[in-house]
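# Coordinate inspection notes
As a plain string of letters, each chain reads:
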Amino acid sequence: MAQDLSTTDMPNPLEYPEGFPYRSRESAETKFGMELDKVRTKIQSDEGRRELIQQLNLNGNADTVLEGIDLNVEQLKKKESFFTKMLKLPGRTAKSAFDVMKQHPIITSAAAIAIIIAILYFTPALAPTAGEYGTKLVQAFKGTLAKIGIGTPEAATDAISKLPITGGSVPPEVVREAEEILQSPGAMDELGRVIEGLSQ
Amino acid sequence: MPETPPPRQEKQPSETPELPRRKTLRRESLQKVRNVVPEDSDAYEHAALATESFLKRTLDAAALVEQELTKNNALPLGDDKHLTPEEVMQYEDFLTQAEALAMILPKLLQQARIVQYQPDTEERLRSVFEIIHEREILIQNMERGRATVLRGTMRRGSPMRPGEIEELVPLATLAWMTSEKLSPRPELSQIQKEAMSRFIGSLEIGEGHYRTKTEAVGDTFTETGKTADRERRKAGAERVTQGFPSAELILDTPELSVTVWEYLLTKGGKNEKVRAARQLKEGIREFQKDFLELRAYEEFTQEAKTALKEHMRKNENISRWFDVFDIPGKDILKDRALTSPAEFQEIFDLVTKKMRGDFDAIASSDDAKSIGEFLIQLEQMEKSENVDEEHIRRLLAAYARLQAHTGSVLATLQRWQVAENIGRVGATGKPNMLDQTTRMGGKTLWFRLQELAPYGVFRTRSYRAEDGRIIILTPTPPDTLKDHLKEGSKAYLAVEAAILTPILHRMAIRIPLLGKRLFGRWYAKIGVPVALAEVSIAGAESGAAMVRMRQALDAVEISLGHLETASGSLQEPVIHREADSIFEHLLIALQAAEGSSPDTPNTELATEAHLYTNQLLMALNFPPYHELSPEAVPSQRPEMSQELKEYLQMRERERQGVNVATRSKLDDLDLSIQNRRTPDLSTTDELLRNGILPSAVGTDSLLQAMQEVLHRPEFRQLKYDEATLGANERAQRQKAFETAGEVSLTYKKLRKIEFENRKKLKEKYVGRESVDPNAKTEMGPHTFSLNDVEKDIRRLGILSPMEILTIARYLEMHEPTNAEIAAMWYKENYPPTGISSLLGGKWFADNEMNQRFGEPGNRTGLGEKLLREWVGVWGYEKMVLGTK
């Protein structure tokens, strides 16, 4: 995959809606036989639209297709515009930074900051951009969301605690054990101490 | 209590005049609490057992109280054995409170269950267990004390029969004993009588403390309820923000609470009604202030303004740096890298305006208008004034609808906010921008490139928040032209990201210091032409992934809708099926959103999907039925989401097993529920103490007992049995892995024969008699017949359960390498050589083993895996060969 495909047309994936097939200026202009600006101008007028429909041999919902083409062309132009701007930038920035470094070695790191900032454009943790602010808003809203809810009622036990009825019948082994305890005053005292100990 | 009340009729053990309603309530309530599943944490399981014990005691006591009231009502007018009006009121209060608890406690436990892996909730659940156990021990000793007193005294001149004492013990409070005028049995010695007199003093102290402990149980439950509510709402808000389907269900499901509130407000006793009216009124007032009087909106706006100022200041500071160094191109940099105050203000206005609109929509709904009236009615109830119950029911239903509506409106608003802000360059964490393409963490170049998306449709539909949570964005269907580019400026920014890659690459390599130290590893792997070409090819697949994601999310919603609407009538297998469907589709959606290939299950995403599936089930009042194979659980990494980390930490802790002291407490509570005091020696204990199995044990109970022994600390502390494993580490390793591998391979061969014959005979079940014992079956490089496998099974049969447990314990603590697994579990060369091998090539072999055994460093659960396989082989030997 050594070929730079940024300027080459890509195969048209099946999922693409018809009307948005152009991945570069070249492919679009070849297809239309005119410059992109002209294509957009034509889309704006009824006559131009008719011409394009005829030229592209469009059937059915031609308006939708043209709308798609319009968006396609618009995006391609934006892409190019930004590419051109950014293409010029790093060379100049880097050259300037190197010049400063040569002249003022001490402030090398400071000069590099500008380049770092350019790089940090897309590194969110440090870049103070709108995205970080947006994320703060999203985070802050969680508190508001968490206020919703009817809630679980309190489980009060005051009436139960006032009347120490401890449950249902006890197993026979408790009564057998009680008989043994009863026969030994020492065992009774010991059980008393256990209950008092549990009440500390 | 009256000073000298007359003796009452003797109790008949069979008499329990429980109201049918209370019987139903009792059955449902205990059943609900008892339904603990493997995915529940130990803390939840212990708290559930304790709650069941507490509830059972309370409801048993309520049956006794009911019995006393029934007898009282049957007495003729003027009979001096009648209870006093104060006593009747006290008894009735007891009954209504017991009923209220039977409704509240399962609900409260379920709320805590949703967030049971969260540390605060876990701590609260532990305190529920501890305090109820303390109370239980006190009660058991009081019961022994009361039984001793009843055994040593006479009532109406006769000693009491043991059966009668068994029935009277729970009721025999000191007040009851006084009123019954019990007298010591004449044959007791003077020393015994004196000891009993001292002992009654201790019982009095115990009864006083019974009250304190019981109130403490109530306080602990209330505290647990508050913690659970708070944590559940936080979890719900997180899930809504993450864009997970039906997250509002976790945030709140009012209809589940409303039944309890309705009971308390309309059927509860006087105190219950007053208490419930006060609590609910406070809750409604908060809601009114927050949403109808816009307090929550104001708080949010205030917070947003503070953040706004902070970000504007930061941007200005950076902007000054550009001016100081007077860098060529600084205006472009300012424009592209920074955000102007106007743009900040625009975001602020956009969000607050939309939010205000939604708040107004909530406040103007019909249900919101009834809030004022509801507050008035609740105030009247608080003052014990009469209100129309039907009216209260209607108002409560309106309030529940309002809550659900608010949840839904705010959830939609939150999702809008996420979608609105996510596309802005610089979103926190790992946005779908540059660092998606330069991420290093274990992703292949292909996947990284796939995420480099030049158009909206190709972008992955998720990003990671700062705390590691996955945020998924609902995909738009790529069926219209507009949608294809709908994201407008956001898609544009994504285009820039793609274009910037080569530029930044060049910049980085021109500045060796920065490039090497800071960014070198990012760009080193991104070949520019390759990147752009791969992006375009991957585009088609990403578009398809988006469709898959949408379809998967829709399927999740359908399953959830089914569970939500038919919850009462669903059988457990149906719920399991729906849970599996939710899990599978959620995993597809998450993998599609993250842009990872559907062919390779991602264990981290699988565990996320598993957790979320169970959270949803629990929010819908079901247990966390969905289970994940232990081998599919990933190892912990710092960048994982909070809930995933908490879940993995919980699992790690629980691998240590339950300590002896806790298990003894569990036994106490378990016996109390069974109304017994002396435990039988369980299969687990038999196995642990004597190494033997009861003759009637089946495969399920054997597996359960062996798993339990495996996790018992006292078993883990045992030295390795030299006779089983050998004296030194090398011999132990060889023997343990070799045996585990043999068991595993034998088990797999057995399953393979069964599978092949089922397929051949088109039967669900194939008996041994239908299989040709000499017919050869192939599995990878192995060829074998049933006769061969049965020989192996008989040979393995000489291993005892304790020997297998020893090996399982070894496996839990020592993990095999891929080479060892290949040699001993698969009996294959490593790296594999033959085309028809089980493992395929080295890459496939590693992949296969990592999937089945876990990634190296995280091969947990191999001991349990061995137990499952051994029990499978043991079962065949016992049931089919009949040699056990």
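Residues numbered from 1 in each chain as written. Chains lettered and ligands numbered in written order. Predicted model: local features only at pLDDT ≥ 70, side-chain atom pairs only at ≥ 80, totals over all residues. Heavy atoms only, no water.

## Points about the overall build of chain B
Along its length, chain B carries 36 helices and seven strands. Of all 884 residues assigned to chain B, the portion counted as buried reaches 56%. Taking the contacts inside chain B whose residues are at least 6 apart along the sequence as the reference set, 76% of them involve residues at least 24 apart. Accessible surface computed for chain B: about 37300 Å², of which carbon and sulfur atoms make up 52%. (Helix = DSSP H or I, 4+ residues; strand = E, 2+ residues; numbered from the N terminus. Buried < 20%, exposed > 50% of the residue type's maximum accessible area, 1.4 Å probe, protein only. Contact = heavy atoms within 4.5 Å. Areas by Shrake-Rupley, 256 points an atom, 1.4 Å probe, with all protein chains shown as cover.)

## Topic: the overall build of chain A
Within chain A, the regular secondary structure consists of nine helices and zero strands. Across the 200 residues in chain A, those meeting the buried criterion constitute 52%. Approximately 9300 Å² of chain A is accessible, and the part contributed by carbon and sulfur atoms is 53%.

## Focus: the sheet that holds strand 2 (residues 158-159) of chain B
Each strand in a sheet pairs with its neighbour through backbone hydrogen bonds, running either in the same direction (parallel) or in the opposite one (antiparallel). Residues and elements named next belong to chain B. Ordered in space as 2-1-3, the three strands form an open sheet in which the pairing is antiparallel. One side of each edge strand has no neighbouring strand; the edge strands of this open sheet are strand 2 and strand 3 (183-184). The pairing of strand 1 (residues 153-155) with strand 3 spans two bridges and is antiparallel. Counterpart to Met 154 in the pairing with strand 3 is Ser 183. (Pairing = 2+ DSSP bridges.)

## Here we look at the confidence of the model for chain B
Detailed reading of predicted coordinates is not advised where the pLDDT is low. All names here are of chain B. Residues with a pLDDT of 70 or more make up 80% of chain B, whose mean pLDDT is 80. Considering only residues more than four positions removed or in separate chains, one finds that residues 477-540, a stretch of pLDDT under 50, has 142 contacts. Here the complex is predicted with pTM 0.71, and the ipTM for its interfaces comes to 0.71. (pLDDT = per-residue confidence, 0-100.)

## Thoughts on the side chain of B:His209
Structurally, B:His209 is set in helix 7 (residues 190-242). Excluding residues that lie within four positions of it along the chain, B:His209 makes contacts with A:Leu198, A:Ser199, A:Gln200 and B:Leu138.

## Some remarks on unusual backbone geometry
Residues and elements named next belong to chain B. For Ser 384, which is not glycine, the phi dihedral falls at a positive 60 degrees. Of note, Ser 384 is situated in the loop between helix 15 (371-382) and helix 16 (389-422). The residue Asn 621 is not glycine, and still its phi comes out positive at about 80 degrees. For Asn 621, the position within the fold is in the loop between helix 24 (603-619) and helix 25 (642-654).

## Some remarks on the environment of B:Glu778
Residues and elements named next belong to chain B. On the secondary structure map, Glu 778 appears in strand 6 (residues 777-779). Here Glu 778 falls in the exposed class, since its relative accessible area comes to 58%. Along the chain, Glu 778 and Lys 749 lie 29 residues apart, while their C-alpha atoms are 8.9 Å from each other. Residues contacting Glu 778, with those up to four places away along its chain left out, are Lys 752 and Thr 783.

## Some thoughts on the environment of B:Pro679
One can find B:Pro679 in the loop between helix 26 (660-673) and helix 27 (683-690). Counting along the chain gives twelve residues from B:Pro679 to B:Asp667, while the straight-line C-alpha distance between them is 7.6 Å.

## Description of helix 2 (residues 42-74) of chain B
Helix length check: helix 2 of chain B (33 residues) gives 48 Å between terminal C-alpha atoms against 48 Å at 1.5 Å per residue, within 8%. Burial analysis of helix 2 of chain B places 29 of its 33 residues in the buried class, the great majority of the element. (Expected span 1.5 Å × (residues − 1).)

## With respect to the nonpolar core
Proteins that are soluble and globular tend to have nonpolar side chains buried together. Formed by 180 residues in total, the largest nonpolar core has its most connected members in B:Leu280 and B:Leu410. Other than its neighbours up to four places away in sequence, B:Leu410 contacts A:Phe141, A:Thr144, A:Leu145, A:Ile148, B:Phe291, B:Phe359 and B:Ile362. By size, the runner-up hydrophobic cluster in this structure holds 38 residues, among which are B:Ala736, B:Ile807, B:Tyr810 and B:Leu862. (Core = buried A, V, L, I, M, F, W, Y, C linked by side-chain atoms within 4.5 Å.)

## Brief notes about the packing of aromatic side chains
Residues and elements named next belong to chain B. Counted under the stated rule, the structure contains 15 aromatic pairs over all chains. Both rings, one in Phe 737 and one in Tyr 810, keep their centres 6.0 Å apart while their planes meet at 65 degrees; by these two values the pair is edge-to-face. Taken as a pair, Phe 737 in helix 31 (residues 729-761) and Tyr 810 in helix 33 (residues 801-813) lie far apart in primary sequence, 73 residues in all. There is no split in this pair, since Phe 737 and Tyr 810 are both buried. By the ring-pair criterion, three or more aromatic residues cluster together here, those being Phe 287, Phe 291, Tyr 297, Phe 359, Phe 374 and Tyr 399. (Phe/Tyr/Trp six-rings, centres within 6.5 Å; stacked < 30°, edge-to-face > 60°.)

## Examining the pattern of salt bridges
Under the definition given, this model contains 58 salt bridges over all chains. Among the charged side chains, a network of salt bridges with common partners joins A:Lys142, B:Glu238, B:Arg239, B:Arg469 and B:Glu643. (Salt bridge = Lys/Arg side-chain N within 4 Å of Asp/Glu carboxyl O.)

## Some thoughts on the packing of helix 28 (residues 699-711) of chain B against helix 33 of chain B
Residues and elements named next belong to chain B. The interhelical angle for the contact between helix 28 and helix 33, taken along N-to-C directions, is 50 degrees, at an axis separation of 10 Å. Considering the angle they form, helix 28 stands oblique to helix 33. In this structure, the crossing between helix 28 and helix 33 has a hand that is right-handed. Across the interface between the two elements, Met 706, Val 709, Leu 710 and His 711 from helix 28 touch Pro 801, Ile 804, Leu 805, Ala 808, Arg 809 and Glu 812 from helix 33. When its residues are assigned to classes, the contact of helix 28 with helix 33 shows seven nonpolar, one polar and two charged. (Axes fitted to C-alpha atoms, helices over the stretch in contact; angles between N-to-C directions. Parallel < 35°, antiparallel > 145°, perpendicular 65-115°, else oblique. Left-handed = near helix turned anticlockwise from the far one by under 90°. Nonpolar A, V, L, I, M, F, W, Y, C, P; charged D, E, K, R; others polar.)

## Some thoughts on the packing of helix 3 (residues 85-114) of chain B against helix 9 (residues 254-267) of chain B
Residue and element names in this part refer to chain B. One can describe the packing of helix 3 onto helix 9 by two numbers: an axis separation of 10 Å at closest approach and a directional angle of 165 degrees. On the basis of their axis angle, the class for helix 3 and helix 9 is roughly antiparallel. Crossing of helix 3 against helix 9: the hand is left-handed. Judged by residue contacts, Thr 96, Glu 99, Ala 100, Met 103, Ile 104, Lys 107 and Gln 111 of helix 3 engage Leu 256, Ser 257, Thr 259, Val 260, Tyr 263 and Leu 264 from helix 9. Of the residues in the contact of helix 3 with helix 9, the class split is seven nonpolar, four polar and two charged.

## A look at the environment of B:Leu105
Position of B:Leu105 among the secondary structure elements: in helix 3. Residue classification places B:Leu105 among the buried residues on the basis of a relative accessible area of 0%. Each C-alpha atom, one on B:Leu105 and one on B:Leu30, is 9.8 Å from the other, the two residues being 75 residues apart in sequence. Among residues more than four places away in sequence, those in contact with B:Leu105 are A:Ala155, B:Thr51, B:Phe54, B:Leu55 and B:Phe221.

## Examining the confidence of the model for chain A
All names here are of chain A. Residues at a pLDDT of 70 or more form 51% of chain A, whose mean pLDDT is 67. The model gives residues 1-20 a pLDDT under 50, and that stretch makes 43 contacts with residues more than four places away or in other chains. Note on residues 82-128: pLDDT under 50 across the span, and 82 contacts to partners over four residues away in sequence or across chains.

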